[in-house]
Amino acid sequence: MAKDYRQHRREPGPIVEPTCLPQPANAASDLRTLTMGRSPSWNVKTPMDTDALHRPLRDVRLSVTDRCNFRCGYCMPREHFGHDHEFLGREHLLTFEEMTTLVKGLLPMGLEKVRITGGEPLLRRDLTSLIRMIRTLSSTLDLALTTNGSLLGQHAAELKSAGLNRVTVSLDAVDNDLFQQLADNTQFNASDVMNGIR
């Protein structure tokens, strides 16, 4: 069995006090408890507080998958995330309904932006449904997506139609040989990403 390197990956900043964060193994079950009307085992401050530098906490990142179709050396190097690596099973991922419930609960506390991330978020099936569900909660919420861009050309129009405001594309190189070397993937070309951006 492959060693689990997820614990060493950099995670986005918390939207709750660090001492109140759930353990990763319990996060999904705690949110499921919240969606059933019972209090979870972690507490969000009301209203949303500030970070250590006294900046207001107004953003949340939703990681919809831990899978990615690239194996960039700085993020998911192949030697640690090879064919034998065990990614999270579907039962351990939050459902779109659970993510929407979380966003709904944070809106009264001053939430202004939701960023959809991964892994590569466009690998999550029917992602536009999540965008649409979150958009129905607020017409003014800034809804963004971070992607490697390899699948963006296939989904850009429907993502915009669903209510996505903007996209951040991670593109390490426009030279195709260098691009494939850095992504450790020959299935996609730099032009695939550029076409998605256009």
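The structure this text deals with has already been given above.
Predicted model, so just to flag it, every value in this text is computed and none were measured.

Enquirer: In this structure, what is going on with the pattern of salt bridges? I would like to understand it.
Expert: Between side chains of opposite charge, a pair can form as their charged atoms come close. Inspection of every chain in the model, using the stated rule, returns five salt bridges. Between Glu112 and Arg58 there is a salt bridge whose closest N-O contact spans 4.0 Å. Taken as a pair, Glu112 in the loop between helix 2 (96-106) and strand 2 (113-117) and Arg58 in the loop between helix 1 (24-35) and strand 1 (59-63) lie far apart in primary sequence, 54 residues in all. One salt bridge in this structure joins Asp59 and Lys113, with 3.5 Å as the shortest N-O distance. One end of the pair, Asp59, is in strand 1; the other, Lys113, is in strand 2, with 54 residues separating them in the sequence. The class of Lys113 is buried, set by a relative accessible area of 18%.

Enquirer: Sorry, what's going on with the packing of helix 3 (residues 127-135) against helix 4 (residues 152-162) here?
Expert: Working note: a packed helix pair is described by the angle between its axes plus the distance between those axes. At a closest axis distance of 8 Å, the pairing of helix 3 and helix 4 adopts a crossing angle of 20°. Between helix 3 and helix 4, the crossing angle belongs to the class labelled roughly parallel. Both helix 3 and helix 4 take part in a crossing whose hand is right-handed. Residues Thr128, Ile131, Arg132 and Arg135 of helix 3 form the contact with helix 4, whose participating residues are Glu158, Leu159 and Ala162.

Enquirer: Any chance you could explain the packing of aromatic side chains here in plain terms?
Expert: To describe a pair of aromatic rings, one takes the distance between the centres and the angle between the planes. Taken as a whole and assessed by the stated rule, the structure comprises three aromatic pairs. Aromatic pair Phe70 and Phe179: ring centres 5.8 Å apart, planes at 85°, arrangement edge-to-face. Separated by 109 residues along the polypeptide, Phe70 in the loop between strand 1 and helix 2 and Phe179 in helix 5 (residues 176-183) bring together distant segments of the chain. Given the relative accessible area of 4%, Phe70 is considered buried. Centre to centre, the rings of Phe70 and Phe188 are 6.0 Å apart; their planes meet at 55°, and the pair counts as tilted. Placement of the pair is Phe70 in the loop between strand 1 and helix 2 and Phe188 in the loop between helix 5 and helix 6 (190-197), with a sequence separation of 118 residues.

Enquirer: Please clarify how the sheet that holds strand 3 (residues 142-147) should be interpreted in this entry.
Expert: To summarise the sheet geometry, strands pair through backbone hydrogen bonds and adopt either a parallel or an antiparallel arrangement. Taken together, four strands build an open sheet; the order of strands is 1-2-3-4 and the sheet is parallel. Each edge of the sheet is formed by a strand with only one pairing partner; in this case those strands are strand 1 and strand 4 (166-169). Between one strand and the next, the sheet's axes are offset by a mean angle of 20°, whatever the strand orientation. When strand 2 meets strand 3, the two strands line up parallel, connected through four bridges.

Enquirer: Explain the state of the cysteines to me, please; I cannot follow it from the model alone.
Expert: One way to say it: the disulfide is the covalent bond shared by the sulfur atoms of two cysteines. Counted by the stated rule, this structure contains zero disulfides. Considering cysteine sulfurs only, Cys72 is the nearest to Cys68, which forms no disulfide, with 6.4 Å between them. Its sulfur unpaired, Cys75 is 6.6 Å from the next cysteine sulfur, which belongs to Cys68. For Cys75, a relative accessible area of 34% gives the class partly exposed.

The rules behind the values
Residues numbered from 1 in each chain as written. Predicted model: local features only at pLDDT ≥ 70, side-chain atom pairs only at ≥ 80, totals over all residues. Heavy atoms only, no water. Salt bridge = Lys/Arg side-chain N within 4 Å of Asp/Glu carboxyl O. Helix = DSSP H or I, 4+ residues; strand = E, 2+ residues; numbered from the N terminus. Buried < 20%, exposed > 50% of the residue type's maximum accessible area, 1.4 Å probe, protein only. Axes fitted to C-alpha atoms, helices over the stretch in contact; angles between N-to-C directions. Parallel < 35°, antiparallel > 145°, perpendicular 65-115°, else oblique. Left-handed = near helix turned anticlockwise from the far one by under 90°. Contact = heavy atoms within 4.5 Å. Phe/Tyr/Trp six-rings, centres within 6.5 Å; stacked < 30°, edge-to-face > 60°. Pairing = 2+ DSSP bridges. Disulfide = S-S within 2.5 Å.

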